[in-house]
Amino acid sequence: MAKAKKAKNDEQRNGDNSNNSEPVVNHQKLCLSIDMDNRRIHGFTELKMVVPDNGIVGLHADNLVIEGVTVDGEPAEFEVFPHYQQLDSKDRWCVVSSATSAADASGSVYLSSLENELLPNVLIMCSKSAKPENGQGYTQMNNGEQSPADTIRLCDAKSVKLIRIDYWVEKAETGIHFYNNVLHTNNQLRRARCWFPCMDDNLQCCCYDLEFTVADNLVAVSSGALLHQVLTKDDPPRKTYVYRVDVPVTAQWISLAVAPFEVLHDSHCNLLSYICLPADVSKLRNTVAFFYNAFSHYEDYLSASFPFGSYAQVFIAPEMAVSSCSLGASISVFSSHLLFDDKLIDQTLETRISLADSLARQWFGVFITPEASTDEWLLDGLAGFLTDSFIKRFLGNNEARYRRYKANCAVCQADDGGATALNSTLATKDLYGTQSIGFYGKIRSWKSVAVLQMLEKQMGPESFRKILQNVVSRARDGYRSFRTLSTKEFRHFANKIGNLERPFLKEFFPRWVGSCGCPVLKMGFSYNKRKNMVELAALRGCTSRPDSWKDVDNFDPDSENREGGIGWPGMMSIRVHELDGMYDHPILPMTGEPWQLLEIQCHSKLAAKRFQKTKKGLKADGSDDNGDAVATSDVRLNSDSPLLWLKADPEMEYLAEVHFNQPVQMWINQLEKDKDVTAQAQAIAVLETLPQLPFSVVNALSNFLSDSKGFWRVRIQAAYALANTSSEDTDWAGLLHLINFYKSRRFDPNIGLPRPNDFHDFQEYFVLEAIPHAIAMVRSSDKKSPRESVEFILQLLKYNDNNGNTYSDVFWLAALVRSVGELEFGQQSIIYLPSLLKRLDRLLQFDRLMPSHNGILTINCIRSLTRIAVKLSEFIPLDHVIEFIKPYWASKTWQIQVDAKRSLLELEFQCHGIDAALILFIRYVNDEMSLRGLQHYMGCQETRL
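Counting restarts for each chain: residues are numbered from 1 in the order of the written sequence. Given that the model is predicted, a residue must reach a pLDDT of at least 70 before its local features are reported, and side-chain atom pairs must reach 80 or more before they are shown or counted; all residues, however, enter totals for whole chains, interfaces and linings. For side-chain calculations, the full set of non-hydrogen atoms in the structure is used, while hydrogens and water are omitted.

Novice: I tried to follow the overall build of the chain on my own but got confused; where do I start?
Specialist: A run of H or I in DSSP counts as a helix once it spans at least four residues, and a run of E counts as a strand once it spans at least two, with each numbered from the N terminus. In terms of helices and strands, the chain carries 30 helices and 31 strands. Relative accessibility thresholds used throughout: buried, under 20% of the residue-type maximum; exposed, over 50%; partly exposed, between the two (1.4 Å probe, protein chains only). Scored against the burial criterion, the 945 residues of the chain give a buried share of 53%. If you take every contact in the chain between residues at least 6 apart in sequence, the share linking residues at least 24 apart comes to 71%. For the chain, the exposed surface amounts to about 43,800 Å²; the carbon and sulfur share of it is 51%. Residues are treated as being in contact if the distance between any of their heavy atoms lies within 4.5 Å. Using the Shrake-Rupley algorithm and a 1.4 Å probe, accessible areas are obtained, with residue cover drawn only from the displayed protein chains.

Here is the structure:
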């Protein structure tokens, strides 16, 4: 067991320390009345707080109108300092003379606004008397004597105050959103303060009592457990929903959604409820049918019941949702684009992973929180790790490994600077919390999971699971301070529970968590026949820039090998596939000299294999007694080597970029013989980039594509590789293989046309869906699409028939439409363009009458038409295309609106230049309600200039 964590933070929160210098919220009550018609909320909040010795409490409240403040029932003085009006003077804009200087000035203003957001902007005077100069802060009793214990108790009694704030918000700009008869909040960075006064600080946790009064036809869904509903005596009557959050959480995790919702309860667990608007009930029922499996899996994996008394999933319209998922304590608010009916196939994976991920973050992120901002990576990584366990259990080990492999590749490409140092104080401070959003937020999240998976590989899955169970157990049973987790504590658990040695951990955490960059390994080998050994050469580097290390606060240059540069702890395994079997050799050190020269002893005996040649005397069926042995030796590079292929880090024990140099035949062997999806994906990635492409490579890729036992994602990768390798030099072999494969699966050989759709085999469905796009990627020497590609895609569009098919073909058609946009038309293929455009127009008309899922068919038609117009802008008047797309700007489907505006911006830029595109963009900003806050801020800024 790890050492018990001192409950120092709890002592300070509860006033058990006489040195009371910081305000602490012990409890908060929020009572709001919501007027949907006028987009107005009004009410009050009560905070039971430990007041600092100076008697001044600082809270956060933005865009709120505060009517009055009382302290223990008595009116109190207060001051409000709006964050977004404290703008810098116009001096910094006087030096703007170019795009670069304008960007610098804008960046400076942005950083200033971020700094201002960190400061409390509502100051409440809780005590009329000033703090005594001696700092003792208590009043003597009548006898003039006082014991130390009495001193502390009196100090505590005087420091705990009940602060009530009456306020209202009208037509809120951010933090809380109104749309028709729907209201919802979001937990974006520092946005809780935009709908109720609070201490919007990740280190301030407390319990909450919540009351929301709404019209009687509406449902208010909030964080916490629903205690009861009360019908008011108003005319017309209104309804009050009363919730309680018994688990202390930060203000960020208080969420609210109000609408005429329909509520479904899970048939397996009364803790789970699913909520949506009436039109989406049937989709909701189909979408969440699996969810109890994820819920029970997490409870079983962590050996603990769900930490909150209930869990609600709320689905709102996409045009309302700030992001696809917004978390709150015991509640998650999703975009309804994730919902799907039983006829859709493509949406299933994305939705299930999104719902499982949001549930994992209830455990790690909401219930268990980071001790400091530098520890956020750890909770993010643990949530991702838990989600991966769900993927592995219910979606398959191949899906989990392939997704992790692709994520690791992305991290290695992007992990080149201080922004990706997970536990860096400098990065956290300089980025003001924004490191968790956007592109780098995703990269950091993937890196966090990869780092934890490396630890799991080192200590074993059961030991790692015990650590997670220990973390959850102490959080449920201990004091409030045990619900926080730090990097230091987790490192301690890795040592005590995971049995990892301290020297290893001392190197591991600074390298992988406190620093940036991933290893880059370039390797090659030769076979020494005399010694029967593999001589392996390795060159080690790093993805990070050399100057990025000096900005990382955890970097210790004294710990580095002076000549070896930056290294990582541990030994990487090299897996050697020989004639006699597979052998792992953990021999490649990850630190030390940049150059490594290693010897690996082979196990196969060539002398024994020399007699296993095809004999002249064969059996009647053409086989011989040593048929298997001959088949195995046939895949060797040559008769003088027992090697079939080599693979570095076969179990993904390291987050590393590996470049392995081995002969083409060995890569083919790896693709055809290795059963691991990451090995197959790696082989395909290498084979498609070969400068000279032998037909054996094309045949190997084609054979893998046709192998129904292969994992469908890797088969799709093989299809794209065939497209990339297809050219005149190979007589269009890749293109022909793609077309023949599709026809063998989907065409009627008697009439030579596609059969009606049948999507019962899901894996085959995904592979075939990708083939038209792969075919559209094929290019001739003039960078145009071959006539055969255009003709084939037109044929698929023309003869698509979904009659009798159980499943919808909207995603199938959308993939075909995307393929049209990928084509490059030349002199031979331009004759097919009118027919293709006619097909797209028919699909647009069809989608207008019978709307597809989230408008996906119209969206892809708009995208493809835009791409074609841009490519052929010399021959097509873009103004005509703009007029054609403009009506979709006002579509009732929000996703179509967004894509129409994006296409119009691109066309405006191509047609009239950057200035016209910027003017159009500003028009969109002015018309977009969700961006009004930003627009207002920019207007205030212009007024001051």
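Novice: Got a minute to help me understand helix 23 (residues 787-798) in this structure?
Specialist: Take the number of residues in a helix, subtract one, and multiply by 1.5 Å to get its expected span. The end-to-end C-alpha separation of helix 23 is 16 Å, in line with the 16 Å expected for twelve residues at 1.5 Å each. Every buried residue of helix 23 is listed here: S789, V790, F792, I793, L794, L796 and L797. Buried residues along helix 23 sit against helix 21 (733-746), strand 30 (747-748), strand 31 (753-754), helix 22 (762-776), helix 24 (810-822) and helix 25 (833-849).

Novice: For this particular structure, what's the right way to read the sheet that holds strand 27 (residues 595-601)?
Specialist: In any sheet, the strands associate via hydrogen bonds between backbone groups, in a parallel or an antiparallel arrangement. For two strands to be treated as a pair, DSSP must find at least two bridges joining them. Taken together, four strands build an open sheet; the order of strands is 27-24-23-29 and the sheet is mixed. With one partner strand each, in any of the chains shown, strand 27 and strand 29 (657-661) form the two edges of the open sheet. Ignoring which end each strand starts from, the neighbouring axes of this sheet average 20° apart. Where strand 23 (residues 519-528) lies against strand 29, five bridges are found, and the strand directions are parallel. In the strand pairing of strand 29, V520 is matched with E657. For every element, the axis is a line fit to its C-alpha atoms; helices are fit only across the contacting stretch, and the angle between N-to-C directions ranges from 0 to 180 degrees.

Novice: Honestly, the confidence of the model for the chain in this entry has me stumped. Any pointers?
Specialist: Low pLDDT means the predicted atomic positions in that stretch should not be read closely. With 85% of its residues at a pLDDT of at least 70, the chain reaches an overall mean of 85. Summary of the metric used: pLDDT quantifies the predictor's per-residue confidence within the range 0 to 100. Here residues 550-555 is a poorly scored stretch, pLDDT under 50, and it has 15 contacts once near neighbours within four places are set aside; other chains count. Every residue in residues 608-634 scores below 50 in pLDDT, and together they form 17 contacts with partners more than four places removed in sequence or on other chains.

Novice: Would you take a moment to explain the side chain of S604 for this structure?
Specialist: Mapped onto the fold, S604 is located in the loop between strand 27 and helix 15 (606-609). Note on S604: relative accessible area 0%, which makes it buried. We call two N or O atoms a polar contact when they sit within 3.5 Å, provided that within protein one can donate a hydrogen and the other can accept it, with sequence-adjacent residues counted only if both atoms are side-chain atoms. Within polar-contact distance, the side chain of S604 engages the backbone nitrogen of L579 at 3.3 Å. In contact with S604, not counting residues within four places along its chain, are N532, E578, L579, D580 and P642.

Novice: Whenever I open this one, the nonpolar core confuses me. Can you help?
Specialist: Nonpolar side chains in soluble globular proteins tend to end up buried together. In this structure, I124, W195, F196, F291, F364, L455 and F490 are the most contacted members of the largest nonpolar core, which totals 260 residues. Once residues lying within four places of it in the same chain are set aside, the contact partners of F291 are L272, Y274, Y311, Q313, L355 and L359. To form a nonpolar core, buried Ala, Val, Leu, Ile, Met, Phe, Trp, Tyr and Cys residues must be joined to one another through side-chain atoms within 4.5 Å.

Novice: It is not clear to me how a positive patch on the surface should be interpreted in this structure. Could you clarify?
Specialist: Surface patches are drawn from residues lacking salt bridges whose relative accessible area is over 30%; two like charges belong together within 9 Å, two nonpolar side chains (Val, Leu, Ile, Met, Phe, Trp, Tyr) within 5 Å. Take a side-chain nitrogen of Lys or Arg and a carboxyl oxygen of Asp or Glu: if they are within 4 Å of each other, that pair is a salt bridge. Positive charges come from Lys and Arg, negative ones from Asp and Glu, while His and the chain ends are left out of the count. Working definition for charges: the position is that of NZ of Lys, CZ of Arg, CG of Asp or CD of Glu. The grouping of R491, K496, R502 and K506 at the surface amounts to a positive patch. Positionally, R491 belongs in helix 13 (residues 487-496).

Novice: I would appreciate a short explanation of the sheet that holds strand 20 (residues 331-335) in the present structure.
Specialist: One open sheet holds the five strands; their spatial order is 16-17-18-20-19, and the pairing between them is mixed. Of all the strands in the sheet, just strand 16 (262-265) and strand 19 (325-328) have a single pairing partner and so form its edges. Direction aside, neighbouring strands of the sheet carry axes that sit 20° apart on average. As paired strands, strand 17 (residues 272-276) and strand 18 (residues 311-316) are joined by four bridges and run parallel to one another. From the neighbouring strand, Y274 faces strand 18, where its bridge partner is Q313. Across the sheet, helix 6 (residues 291-302) lies against strand 17 and strand 18, angled at about 140° from strand 17, the strand it touches most. Against the sheet, helix 7 (residues 347-363) contacts strand 18, strand 19 and strand 20, and its axis sits at roughly 155° relative to strand 20.

Novice: Sorry if this is basic, but what is going on with the environment of G384 here?
Specialist: Residue position: G384 is located in helix 8 (residues 376-395). C-alpha separation for the pair G384 and R361, spaced 23 residues apart in sequence, amounts to 8.1 Å.

Novice: In this structure, what is going on with the packing of aromatic side chains? I would like to understand it.
Specialist: Pairing of aromatic rings covers Phe, Tyr and Trp, the last counted by its six-membered ring, and requires centre-to-centre distances within 6.5 Å; plane angles under 30 degrees mean stacked, over 60 mean edge-to-face, and any other angle means tilted. By the definition in use, this model includes 33 aromatic pairs. Pairing W512 with W568 gives two aromatic rings, centres 6.0 Å apart and planes at 45°, and the pair type is tilted. One end of the pair, W512, is in helix 14 (residues 502-512); the other, W568, is in the loop between strand 24 (533-542) and strand 25 (571-578), and 56 residues separate them in sequence. There is no split in this pair, since W512 and W568 are both buried. Judged by centre distance (5.3 Å) and plane angle (65°), the ring pair of Y765 and F766 falls under edge-to-face. Like Y765, the residue F766 is buried in the burial classification. Clustering of aromatic rings is evident, with ring pairs tying together Y274, F290, F291, F295, F306, F308, Y311, W363, F367, F390 and F394. A ring is scored as having a charge over it whenever the NZ atom of a lysine or the CZ atom of an arginine sits within 6 Å of its centre and within 35 degrees of its normal. In this structure, R40 packs its charged tip against the face of W168, placed 4.6 Å from the ring centre.

Novice: Is there a simple way to think about a negative patch on the surface in this case?
Specialist: Together, E728, D729, D731 and D782 give the surface a local cluster of negative charge. Here E728 shows up in the loop between helix 20 (712-725) and helix 21. Overall, the relative accessible area of 33% leaves E728 in the partly exposed class.

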